[in-house]
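Chain by chain, the residues run as shown.
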Amino acid sequence: MTDDREIKCVGVVGTGVIGASWAAQFLAKGLDVSATDPAPGAEERMRKFVEGAWPALNQFGIASTASVNRLRFSPDLAEALEGVDFVQENGPERQDIKIETYAKMDELLPSDVILASSSSGLTMSPVQADRRHPERCVIGHPFNPPHLIPLVEVVGGQETSPEVIQRAIGFYNAIGKRAIHVRKEVPGHVANRLQAALWREVVHLVDEGVVSVADVDAAVCWGPGLRWGVMGPVMLLHLGAGSDGGIRKMLEHLGGPIESWWKALGNPTIHTPEMKEKLVEGALEESEERSIEELEAERDRVLLGLLSLRNQTSKGK
């Protein structure tokens, strides 16, 4: 595989919430987008999403060549992938469907076109197996919504070439993302596993009657969540002891207590009807009858403010 293919047109395969958000991101960076999805009404829903996302993208500065008119759509996979230089696949989170989709894309596209999957938890090795060009298949997992959240987790499969991983990272970074290299395949990659660990304890505390749904959300978003939007947990621990010892002192001071907390963490299940009802009722009460659209708008307004501050830092860290 050569590394000289300039990416001018991105194929977006699957145009649900994630795919449509990716399409908006690519368009805002002045790229052409060729999208496909067999679902009825997919094109209309995607174009509506892109139009709605455009003001937020414009707030951060879109490319001079950016235009929603550079978006084309076809329900036919082969037609949609004609002339694309990079593919962002966003199909259902089912291994059998991804294997089928990748088999088709592998046959349709030149070997130097990277095939990246937005899969939130599946690994690439089973998907790329038996392909003609397994070396160009990679995970490029974004965080929702991709047109606002910078993180992209890049994970290779057993047969993915190191060159492809670096090309994918370079492409994502070039369009304003913050790509990280996940060096080993694990279900859920990294960020979702971190979320799952927190979510498990949230469910446990609610189930045990320690705290309400609204208060556990408040504990996160008005406490550590504010700090996590600035620095990661390791760096924050490093700051915890001030200039007198940093993380070394914190580990010596809190290592024992933290380990005792780990031993007391819960291992609940969310599959019982009773647990589901607790979470559903709590979430609906906390939402104060606001619609999903209203809550999304609130989320995005706060995200835009935070991102604006983050972008003012010299290195964007």
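First, a word on what this report is: a plain description of the structure on this page. Because the structure is predicted, anything quoted here is derived from the model rather than measured.

How each quantity is defined
Per-chain numbering applies: the sequence of each chain, read as written, is numbered from 1 onward. Whole-chain, interface and lining totals are the exception, using all residues; otherwise, since this is a predicted model, local features are given only for residues with pLDDT of at least 70 and side-chain atom pairs are given and counted only at 80 or more. In computing side-chain values, all of the structure's heavy atoms are included and hydrogens and water are not. Remark: nonpolar core denotes a set of buried residues (Ala, Val, Leu, Ile, Met, Phe, Trp, Tyr, Cys) joined through side-chain atoms within 4.5 Å. Burial classes follow relative accessibility: with a 1.4 Å probe on protein chains only, a residue under 20% of its type's maximum area counts as buried, one over 50% as exposed, and anything between as partly exposed. Helix numbers and strand numbers start at the N terminus; a helix is a DSSP run of H or I with at least 4 residues, a strand a run of E with at least 2. Residue contacts are defined here by distance: any two heavy atoms, one from each residue, within 4.5 Å place the two residues in contact. A helix is expected to span 1.5 Å for every residue after the first. To obtain the arc, one takes the directions from the helix axis to the C-beta atoms. A pair of strands is treated as paired once DSSP finds two or more bridges between them. A crossover gets the label right-handed when its path from the first strand over the helix to the second runs clockwise, viewed with the strands pointing away from the viewer. In this analysis, a patch consists of residues with relative accessible area above 30% that form no salt bridge, clustered at 9 Å for like charges and at 5 Å for the nonpolar side chains Val, Leu, Ile, Met, Phe, Trp and Tyr. In this description, accessible areas are obtained by the Shrake-Rupley approach with a 1.4 Å probe, and a residue is regarded as covered only by the protein chains that are shown. Salt bridges are identified by distance alone: a Lys or Arg side-chain nitrogen within 4 Å of an Asp or Glu carboxyl oxygen. In this tally, Asp and Glu contribute negative charge and Lys and Arg positive charge; neither His nor the terminal groups of the chain are included. Here the site of a charge means NZ on Lys, CZ on Arg, CG on Asp, or CD on Glu. In this analysis, rings of Phe, Tyr and Trp, with Trp reduced to its six-membered ring, are considered paired at centre separations within 6.5 Å, and the interplanar angle assigns stacked below 30 degrees, edge-to-face beyond 60, and tilted for intermediate values. All axes here are fitted lines through C-alpha atoms, helices being fitted over the stretch that makes contact, and every angle between N-to-C directions spans 0 to 180 degrees. The scheme is simple: roughly parallel for angles under 35 degrees, roughly antiparallel for over 145, roughly perpendicular for 65 to 115, oblique for anything else. Helix crossings fall into two classes, left-handed where the near helix is turned counterclockwise from the far one by less than a right angle and right-handed where it is turned clockwise. Side-chain classes follow a simple rule in which Ala, Val, Leu, Ile, Met, Phe, Trp, Tyr, Cys and Pro form the nonpolar group, Asp, Glu, Lys and Arg form the charged group, and the remainder, Gly included, forms the polar group.

Side note on the nonpolar core
Of all hydrophobic cores here, the largest spans 37 residues; its most connected members are Phe26, Val50, Val154, Phe171 and Tyr172. Taken together, the elements giving at least two residues each to this core come down to β1 (9-13), α1 (17-28), β2 (32-36), α2 (42-59), β3 (71-73), β5 (114-117), β7 (151-156) and α6 (162-174). Top element by residues in this core is α1. It accounts for seven residues. Excluding residues that lie within four positions of it along the chain, Phe171 makes contacts with Ile7, Val10, Phe26, Leu31 and Phe86.

Quick look at helix α13 (residues 292-311)
Helix length check: α13 (20 residues) gives 28 Å between terminal C-alpha atoms against 28 Å at 1.5 Å per residue, within 8%. Among all positions in α13, only Asp300, Leu303, Leu304 and Leu307 are buried. Taken down its axis, α13 places every buried residue within 110° of arc, on the same side. Exposed and oriented more than 90 degrees from the buried face of α13 are Arg301, Val302 and Leu309.

Overview of unusual backbone geometry
For the peptide bond that leads from Asn144 to Pro145, omega is 0°, which places it in the cis range. Looking at the secondary structure, you find Pro145 in the loop between β6 (137-142) and β7. Its identity is not glycine, yet Glu288 carries a phi of approximately 55°, on the positive side. According to the relative accessible area criterion, Glu288 is exposed, its value standing at 61%.

Concerning the pairing of β2
Of all five residues making up β2, four are buried, and the element is well covered by its neighbours. Of the strand pairs in this sheet, β1 and β2 are connected by five bridges, and their pairing is parallel. Following the sheet pairing, Cys9 is matched in β2 by Asp32. In this structure, β2 lies alongside β3, joined through three bridges in parallel fashion. Counterpart to Ala35 in the pairing with β3 is Phe73. Note on the crossover from β2 through α2 to β3: the handedness is right-handed.

Points about a negative patch on the surface
On the surface, a cluster of negative charge is made up of Glu274, Glu277, Glu281 and Glu285. Relative to the helices and strands, Glu277 resides in helix α12 (residues 273-287).

A word on the pattern of salt bridges
Counted under the stated rule, the structure contains 14 salt bridges. Note that Asp85 and Arg5 form a salt bridge whose closest N and O atoms lie 2.7 Å from each other. Of this pair, Asp85 sits in the loop between α3 (77-80) and β4 (86-89) while Arg5 sits in the segment before β1, placing them 80 residues apart in sequence. The exposure class assigned to Asp85 is buried, which follows from its relative accessible area of 10%.

Focus: the packing of aromatic side chains
This model, assessed by the stated rule, comprises six aromatic pairs. Between Phe86 and Phe171 the ring centres are 4.5 Å apart and the planes differ by 40°, which places this aromatic pair in the tilted class. Placement of the pair is Phe86 in strand β4 and Phe171 in helix α6, with a sequence separation of 85 residues. The pair formed by Phe86 and Phe171 is uniform in burial state, with each residue classed as buried. By way of ring pairs, the aromatic residues Trp22, Phe26, Phe86, Phe171 and Tyr172 are connected into one cluster.

Quick word on the sheet that holds β2
Spatial strand order, β3-β2-β1-β4-β5-β6-β7-β8: eight strands in an open sheet with mixed pairing. Each having just a single partner strand, β3 and β8 (178-182) make up the two edges of the open sheet. Between one strand axis and the next, the sheet turns through 25° on average, direction left out of account.

Remarks on the environment of Lys8
Tracing the sequence through the fold places Lys8 in the segment before β1. Taking the C-alpha atoms as reference points, Lys8 and Gly83, separated by 75 residues in sequence, lie 9.4 Å from one another. Apart from the residues within four sequence positions on either side, Lys8 is in contact with Leu31, Asp32 and Asp85.

Considering the packing of α1 against α2
For the pair α1 and α2, the least separation of the axes is 9 Å and the interaxial angle reads 50°. Relative to α2, α1 is oriented oblique. Crossing of α1 against α2: the hand is right-handed. Facing Val17, Ala20, Ser21, Ala23, Ala24, Gln25, Leu27 and Ala28 of α1, the residues of α2 in contact are Met46, Phe49, Val50, Ala53, Trp54 and Leu57. When its residues are assigned to classes, the contact of α1 with α2 shows twelve nonpolar, two polar and no charged.

Section: the pairing of β5
Residues Ile114 and Ala116 point to one face of β5 and Leu115 and Ser117 to the other, with burial holding for every one of them. Alignment of β4 against β5, held across four bridges, turns out to be parallel. By the bridge assignment, Glu89 is partnered in β5 with Ser117. Regarding the hand of the β-α-β motif, the stretch spanning β4, helix α4 (residues 95-108) and β5 is right-handed.

That's the geometry; what it means functionally is another story.
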